[in-house]
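Each chain, written out:
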Amino acid sequence: AQSVTQPDIHITVSEGASLELRCNYSYGATPYLFWYVQSPGQGLQLLLKYFSGDTLVQGIKGFEAEFKRSQSSFNLRKPSVHWSDAAEYFCAVAQPSAGSYQLTFGKGTKLSVIP
Amino acid sequence: NAGVTQTPKFRILKIGQSMTLQCAQDMNHNYMYWYRQDPGMGLKLIYYSVGAGITDKGEVPNGYNVSRSTTEDFPLRLELAAPSQTSVYFCASSYSNSQGEQFFGPGTRLTVL
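Residues numbered from 1 in each chain as written. Chains lettered and ligands numbered in written order. Predicted model: local features only at pLDDT ≥ 70, side-chain atom pairs only at ≥ 80, totals over all residues. Heavy atoms only, no water.

**What to know about the sheet that holds strand 3 (residues 19–25) of chain B**
Residue and element names in this part refer to chain B. Applicable threshold: Strand pairing is assigned whenever DSSP identifies at least 2 bridges connecting the two strands. Helix and strand labels come from DSSP, where a helix needs a run of H or I of at least four residues and a strand needs a run of E of at least two; each type is numbered from the N terminus. Only the contacting stretch of a helix is used when fitting its axis, a line to C-alpha atoms as for every element, and angles between N-to-C directions run 0 to 180 degrees.
Spatially, 1-3-8-7 is the arrangement adopted by the 4 strands of the open sheet, whose pairing is antiparallel. Edge positions in the sheet fall to strand 1 (4–7) and strand 7 (64–66), since each of these pairs with one other strand and no more. Between one strand and the next, the sheet's axes are offset by a mean angle of 20°, whatever the strand orientation. In this structure, strand 7 lies alongside strand 8 (residues 76–78), joined through 3 bridges in antiparallel fashion. Bridged to V66 within strand 8 is L76.

**Structural notes on the state of the cysteines**
Residues and elements named next belong to chain A. To keep it simple, the criterion reads: Working definition: a disulfide is two cysteine sulfur atoms within 2.5 Å of each other. With a 1.4 Å probe rolled over the protein chains alone, any residue whose accessible area is under 20% of its type maximum counts as buried; one over 50% counts as exposed, and the rest are partly exposed.
The tally for this structure, following the rule as stated, stands at 2 disulfides over all chains. C23 shares a disulfide with C91; S-S distance 2.0 Å. Handedness of the C23-C91 disulfide follows from its S-S torsion of about -65°: it is left-handed. A residue pair is termed long-range when its members are at least 10 positions apart, and C23 in the loop between strand 3 (19–21) and strand 4 (24–26) and C91 in strand 10 (residues 87–97) qualify at 68 residues. Here C23 matches C91 in class, with each residue buried.

**Brief notes about the interface of chain B and chain A**
Inclusion rule: What makes two residues a contact is simply this: any of their non-hydrogen atoms within 4.5 Å. In this description, buried area is defined as the sum, over both parts, of the accessible area (probe of 1.4 Å) that is lost when the two are combined. Salt bridges are defined as contacts in which a side-chain nitrogen from Lys or Arg sits within 4 Å of a carboxyl oxygen from Asp or Glu. All amino acids are sorted into three groups, where Ala, Val, Leu, Ile, Met, Phe, Trp, Tyr, Cys and Pro are nonpolar, Asp, Glu, Lys and Arg are charged, and the leftover types, Gly among them, are polar.
Across the boundary between the two partners, chain B contributes 20 residues, which contact 23 residues of chain A. Interface of chain B and chain A: buried area, both sides summed, is about 1800 Å²; carbon and sulfur atoms make up 55% of it. Inspection of the chain B/chain A interface yields 1 salt bridge. Across the salt bridge formed by E101 of chain B and K49 of chain A, the nearest N and O atoms sit 2.5 Å from each other. Contributions of two or more residues to the side of chain B that touches chain A are made by strand 4 (31–37) and strand 5 (43–51) of chain B. Here the residues of the side of chain B that touches chain A sort into 11 nonpolar, 8 polar and 1 charged.

**Quick look at the pairing of strand 9 (residues 73–78) of chain A**
All names here are of chain A. A large share of strand 9 lies buried, amounting to 5 of its 6 residues. Pairing between strand 3 and strand 9: 3 bridges, direction antiparallel. Within strand 9, the residue paired with E20 across the bridge is R77. One ladder, built from 5 bridges, connects strand 8 (residues 64–68) with strand 9; its direction is antiparallel. Each residue of the ladder has a partner; that of K68, found in strand 9, is S73. Taken together, strand 8 and the strand that follows it, strand 9, pair antiparallel across an intervening segment of 4 residues, in which S72 is found at a positive phi of about 50°.

**Considering the side chain of T109 of chain A**
Inspection of the secondary structure assignment puts T109 of chain A in strand 12 (residues 109–114). Setting aside residues up to four positions removed in sequence, T109 of chain A forms contacts with Q6, D8, I9, I11, L21, A87, E88 and Y89 of chain A.

**As for unusual backbone geometry**
Residue and element names in this part refer to chain B. Here the residue pair T7 and P8 is connected by a cis peptide bond, since its omega of -5° sits within 30 degrees of zero. Along the chain, P8 falls in the loop between strand 1 and strand 2 (10–13). Despite not being glycine, L80 shows a phi value in the positive range, around 55°. Along the chain, the position of L80 falls in the loop between strand 8 and strand 9 (87–94).

**Quick look at the pattern of salt bridges**
Residue and element names in this part refer to chain A. Across all of its chains, the model carries 8 salt bridges over all chains by this definition. The partner of E64 in a salt bridge is R77, with the nearest N and O atoms 3.3 Å apart. Remark: R77 occurs in strand 9 and E64 occurs in strand 8; sequence separation between them is 13 residues. Overall, R77 belongs to the partly exposed group, its relative accessible area being 22%.

This is the structure in structure tokens:
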């Protein structure tokens, strides 16, 4: 069965600093990978996705992620963090199952931003 | 488009009570999902549906039931609520060819006392 690991439960960065959130996955085939963001009290919003092709994918809000098959990783990055980026971030992998694609989520990384 | 809507936003139940969490989407998505989110645990799939009249269990279905009579609606039923069902519940939907990309509702926070 597929699994997703986000090693960092909580990260604190200063506003304007760079950010990297780690994600490792376990999946036998070519993975479909996602990063979602959840602001406090809100639902999940898709930041970016990787299906195939270029291993560096761009998303919304200035985020990007790089797929590295050799390391089974899909780390999320942002060059300069804004206070509004404070939220919880979830990495997910999609597995085809009975005609649909089921998402397996990591446990999330909570990002705090110091002004 | 309203996207995915969920009602109620908050609810407190007593042990043994029942309730239905409502979910609707106006994007004409075939696929719909119910997740629960517990602190530090990510999201776990409860049930999903690939179309009207078709539902299937996810990872944590015990204590829940679903139905899908229309494309738009996917209610989640809790029978005999237990404290272990205290959680935040999210409904999501997707196109059939989305390869996993899902759109999420704002969630329902349920407390069972």
